[in-house]
Amino acid sequence: MTSAYSGKKSGKSREALEKRTRVLSVIRKVFVYLMLTVWAVAVLFPFYWMILTSVKSYGEYAAEFVPKFFTPSPTFENYRSAFTAVPLARYFVNTLIFTLVTTALMLVVSLLAAFAFARLDFRGKDIVFPLFLSLMMIPSELMIITNFQTITNLELRNTFTGLILPSVTSVFYIYLLKENFEQVPDDLYRAARIDGSSDFGYLVRVLVPICRPTVVTVTILKIIECWNSYVWPRLITDDQNYFLVSNGIQEIRENGFGRENIPAMMAAVVVISVPLILLFLIFRRKIMAGVSRGGSKG
Amino acid sequence: MEKKNLKAWLYLLPALLFIGAFMVYPLIDVLIYSAEEGYNSASQSFFGYGGYNYSFVLHDPYFLQAVKNTFILVIITVPLSTGLALLISLGLSSIEKLRELYQTVFFLPYVTNTLAVGLVFMILFRKTDYSEGLVNLLVTSLGGQSVDFIEGPYAAKMFVLCFYTVWIVLPFKILILTSALASVDKTYYSAAKLDGTSRFRMFTRITLPMISPMIFYLVITGFIGAFKAYSDSVALFGTDLNAAGMNTIVGYVYDMLYGDSGGYPSYASAAALILFAIVMTITAVNLIVSRKTAVRRY
């Protein structure tokens, strides 16, 4: 009797326990989703707000003492004035030129150097490479001061040459490419040599295609870096004709449109943000994989 | 590998030229600049060598303000962003539905232009005669007193700067921690579950030790990044950071170099080297602490 009774009781309590665990896990899930959603809203809200504000008319925006979350009559007027009242198109083209040329130069320089470090044996390698690595630890702030003086003395301020040259070097990308090149088996190199391929031919026709993921990652990371660069362009340009988007937006904030035309400013902000967000959405996995392998902000 | 001295150096030549001109030479030059007393940009002459530049910088109230701002920023944002990133990554790794979506959203700030989105933050947080601003709407609805976060009291300005900094740096940390969590061997958890280990214990005994190298990595890079803060502050408070009282050490360096208060590369160099010394010291302390912790564990 007693044993049957206790068996019944333990069955019941096991059921209760299981139920309790289930409830607990549901509560935990709800809590996790709540937390993630709160941060997702915190991330997305500024984007929503800039798009919303950019389609409000100036009169509508100025009349709102308490900001509204919707607009009944969206307008694209601000986008027109973003391109007509300030030289946004010029900033845009400048940034495009700067980004493309800098990234292309960086790729050529880095691929050649990475190849030398990974595949060629030469006297002095043991000294050059560690020195080279140690440069990664030095903050760029230390170098900018002299570079500013150099470019100024060469009278290269307000030129693309002055903007681009000091932005080309990326020790880290050379390192990343070199590591990747070293993973390619030696046999391929020997086979290519037997087929009569030169070192350069091997680099271009074998190594780069095999290491394409890394090459693409490095390229995209550099594009992001160039598109968002602010400090160097600010130091080296004071002529609006050479402003990049970051400097352009700062100029717009301080002098463009009249200080209070926020909707037009937001239209400019949207235009500036769109290219990178598109690039991100297209290459999402590549970018995230690349950044987790060694990117950082700034 | 056969020796190919000449060829290898030719491959390295472009990289060496760029690195030599824009990284190595500046490093040597910055040391010289920092010791040249009374350097005049126009005539490129100076009185003599000595420690005066350092002493000037260390007694400059603007520099001290910048140091104070930077330290507050570092002390608040590094632990906060690392902790938040850990919380969010743990949340992300415990769900399956919508995980990709959340990950994509959380990464967005990484690919945005700091200056452009900073403008949106400024508009959200500021309070003008015409509008309370959105954040103040939230503050007053919660029963608080509205305050101008952009041109108001110091604490309010510091709050926005910290908030924006965390917003900007979180994507990188979340990404790193999510991949660290994903790489923890699942069999540990299965074994622990069989033993009836509680979730909290599993976290402190398995998860935390397994991902602690990555946490240390994030703390170290976080410290370095936060000490070099600058663009975020410009994005929120404009280019005249000294007037806003929100300058950072890097901002001080650039202000000394260029702009209305510029033309003093010697002071800029001294300030940059002081920053470098601070960063190196903190990094060394971090490395020692992380090594000690690692030793204690095994």
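Residues numbered from 1 in each chain as written. Chains lettered and ligands numbered in written order. Predicted model: local features only at pLDDT ≥ 70, side-chain atom pairs only at ≥ 80, totals over all residues.

Tallying secondary structure elements over chain B gives 13 helices and two strands in all. For chain B, the spread of C-alpha atoms along the three principal axes comes to 75 × 75 × 35 Å. The 298 residues of chain B split such that 42% are buried. Long-range pairs, those at least 24 residues apart, make up 66% of the contacts in chain B between residues at least 6 apart in sequence. (Helix = DSSP H or I, 4+ residues; strand = E, 2+ residues; numbered from the N terminus. Buried ≥ 20, exposed ≤ 12 C-beta atoms within 10 Å, placed from the backbone. Contact = placed C-beta atoms within 7 Å.)

Secondary structure summary: chain A contains 15 helices and zero strands in total. In chain A, which comprises 298 residues, the proportion classed as buried is 38%. Taking contacts inside chain A between residues at least 6 apart in sequence as the whole, the part at least 24 apart equals 76%.

A few words now on the interface of chain B and chain A. Counting from both sides, the interface comprises 78 residues of chain B and, opposite them, 69 residues of chain A. In terms of residue count, the dominant contributor to the side of chain B that touches chain A is helix H1 (residues 5–35) of chain B (18 residues).

Right, let's get into the domain arrangement of chain A. Residue and element names in this part refer to chain A. Per the domain assignment, the segments making up chain A are domain 1 (2–54) and domain 2 (83–292). Relative to domain 2, the C-alpha centre of domain 1 lies at a distance of 45 Å. The interface of domain 1 with domain 2 comprises four residues on the first partner and six residues on the second. Among the residues forming the side of domain 1 that touches domain 2, the class breakdown is two nonpolar, two polar and no charged. (Domains from an automatic or database assignment. Nonpolar A, V, L, I, M, F, W, Y, C, P; charged D, E, K, R; others polar.)

This paragraph deals with the nonpolar core. One finds Ala113, Ala268 and Val269 of chain A together with Val253 and Ala271 of chain B to be the most contacted residues of the largest nonpolar core, which totals 158 residues. Of the residues forming this core, the biggest block, 14 residues, is contributed by helix H7 (residues 154–182) of chain B. Other than its neighbours up to four places away in sequence, Ala271 of chain B contacts Val57, Phe63, Ile249, Tyr252, Val253 and Met256 of chain B. (Core = buried A, V, L, I, M, F, W, Y, C linked by C-beta atoms within 7 Å.)

Turning our attention to helix H9 (residues 199–227) of chain B. Taking 1.5 Å per residue as the helical rise, H9 of chain B with its 29 residues ought to reach 42 Å, whereas the 36 Å between its terminal C-alpha atoms falls clearly short. Ser212 of chain B marks the point of greatest bend in H9 of chain B, at about 55°, and the proline Pro213 of chain B comes within the next four residues. (Expected span 1.5 Å × (residues − 1). Bend = angle between axes of the 7 residues up to and from the residue.)

Next up on the list: the confidence of the model for chain B. All names here are of chain B. Per-residue confidence for chain B gives a mean pLDDT of 89; residues scoring 70 or more make up 95%. Across chain B, the secondary-structure element scoring lowest on mean pLDDT is strand S2 (residues 48–49), at 76, and the one scoring highest is helix H3 (residues 61–94), at 96. Here the predicted complex carries an ipTM of 0.88, next to a pTM of 0.90. (pLDDT = per-residue confidence, 0-100.)

This brings us to the packing of helix H4 (residues 99–107) of chain B against H7 of chain B. Each pair of packed helices can be described by the angle between their axes along with the distance between the axes. Residue and element names in this part refer to chain B. In contact at an axis separation of 8 Å, H4 and H7 are set at 145° when each is read in the N-to-C sense. Where H4 approaches H7, its residues Gln103, Phe106 and Phe107 are matched on the opposing element by Pro171, Ile174, Leu175 and Thr178. A per-class count over the contact of H4 with H7 returns five nonpolar, two polar and no charged. (Axes fitted to C-alpha atoms, helices over the stretch in contact; angles between N-to-C directions.)

Here the focus is the confidence of the model for chain A. Here chain A averages 87 in pLDDT, while 93% of its residues score no lower than 70. Contacts of residues 1–7 of chain A to residues separated by more than four positions or lying in other chains number zero contacts, the stretch itself having pLDDT below 50.

Let us look at the packing of helix H11 (residues 212–227) of chain A against helix H15 (residues 284–292) of chain A. Residue and element names in this part refer to chain A. Where H11 contacts H15, the axes come no closer than 9 Å and their chain directions differ by 85°. In this view, H11 runs roughly perpendicular relative to H15, as classed from their interaxial angle. Contacts between H11 and H15 involve Val216, Thr217, Ile220 and Leu221 from the first element and Lys286, Ile287, Ala289 and Gly290 from the second. Among the residues forming the contact of H11 with H15, the class breakdown is five nonpolar, two polar and one charged. (Parallel < 35°, antiparallel > 145°, perpendicular 65-115°, else oblique.)

What follows deals with the environment of Leu176 of chain A. Inspection of the secondary structure puts Leu176 of chain A in helix H8 (residues 171–182). C-alpha separation for the pair Leu176 of chain A and Val218 of chain A, spaced 42 residues apart in sequence, amounts to 8.3 Å.

Moving on, we come to the environment of Ile220 of chain B. Residue and element names in this part refer to chain B. Inspection of the secondary structure puts Ile220 in helix H9. Ile220 sits 39 residues away from Leu181 along the chain, and the two C-alpha atoms are 19 Å apart. When near neighbours in sequence (up to four residues on either side) are disregarded, Ile220 contacts Thr283 and Asn286.

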